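Geometric and topological summary
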Amino acid sequence: MGFYQRFATGAEAGLMAGAGVILLFLFQDALHLEPLATPSALATGFFGPAGYRYDTDVLARAAGMAAMGARLVSYTLLHFLTFAAVGVVAGFALRGSSWLGSLLGGALFGATFCTGVFYAARWIMDAPVHLDAVGFPGIVVANVVAGVILGGGLYVARASDGEPEAVSGG
């Protein structure tokens, strides 16, 4: 697999991993009967609260809903761009020689690298992420899931591309 193919495959696997994290948090929020609580908390933590004051309650609620929608859209774009970049790194870093090895390597990659990227982004943006909704274990679990999806996606892509280590399993 050439450089550009590895780059594109990594970005694609990263987008799949990002979608997996979104689905995991949507499912978790649905179980708690709090739709969009986790992405709202993460978006507010990264971009800050709206903080606008208006004279009427109706205007305040409308502005708050518009601001939250804009934050969610912005955070979703940031989320997918970040996971695409993480997928590119994974495309070069993960070299599982078997299906199980790819999944385990992906899980370790997710637990360490993806979690590190999350907290590095938080630190760089000086973002007071509200982890009450998610918590450190929730972030790590979500990134392990993302890593497993990355590892599996990259393994399947390599096998379909005919890479010997993916096809032979060794």
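The structure we're discussing is the one just above.
**With respect to the environment of G69**
Within the secondary structure, G69 is located in helix α3 (residues 57-93). The exposure class assigned to G69 is partly exposed, which follows from its relative accessible area of 28%. Between the C-alpha atom of G69 and that of S40, which follows or precedes it by 29 residues, the distance is 9.1 Å.

**Focus on helix α1 (residues 3-31)**
Relative to the 42 Å expected for 29 residues at 1.5 Å per residue, α1 spans 42 Å between its end C-alpha atoms, a close match to the ideal helical length. Within α1 the residues assigned to the buried category are R6, T9, G10, A11, A13, G14, A17, G18, G20, V21, F25 and D29. Count one or two residues on from α1 and you reach L33, which has phi positive near 55°.

**Overview of the layout of surface pockets**
Empty space within the largest pocket amounts to approximately 470 Å³. Around the largest pocket, the lining comprises 24 residues; the ones closest to its centre are V21, Y75, H79, F83 and F118. Mapped by element, the contributors of at least two residues to the lining of the largest pocket are α1, α2 (37-47), α3, α4 (99-124) and α5 (135-161). Ranked by residues supplied to the lining of the largest pocket, first place goes to α3 with 8 residues. Considering only residue class, the lining of the largest pocket consists of 20 nonpolar, 4 polar and no charged.

**Remarks on the packing of aromatic side chains**
Enumeration according to the criterion identifies 7 aromatic pairs in this entry. With centroids separated by 5.6 Å and ring planes inclined at 65°, the aromatic side chains of W99 and Y155 adopt a geometry described as edge-to-face. A residue pair is termed long-range when its members are at least 10 positions apart, and W99 in helix α4 and Y155 in helix α5 qualify at 56 residues. The rings of F3, Y4, F7 and F92 are connected pair by pair, giving a single aromatic cluster.

Scoring rules and cut-offs
Residues numbered from 1 in each chain as written. Predicted model: local features only at pLDDT ≥ 70, side-chain atom pairs only at ≥ 80, totals over all residues. Heavy atoms only, no water. Helix = DSSP H or I, 4+ residues; strand = E, 2+ residues; numbered from the N terminus. Buried < 20%, exposed > 50% of the residue type's maximum accessible area, 1.4 Å probe, protein only. Expected span 1.5 Å × (residues − 1). 1 Å grid on protein atoms, 1.4 Å probe; cavity = no way out; pocket = protein on both sides within 12 Å on 5 of 7 lines; lining within 4 Å. Points joined across faces, edges and corners; volume = space filled by probe spheres on them. Nonpolar A, V, L, I, M, F, W, Y, C, P; charged D, E, K, R; others polar. Phe/Tyr/Trp six-rings, centres within 6.5 Å; stacked < 30°, edge-to-face > 60°.

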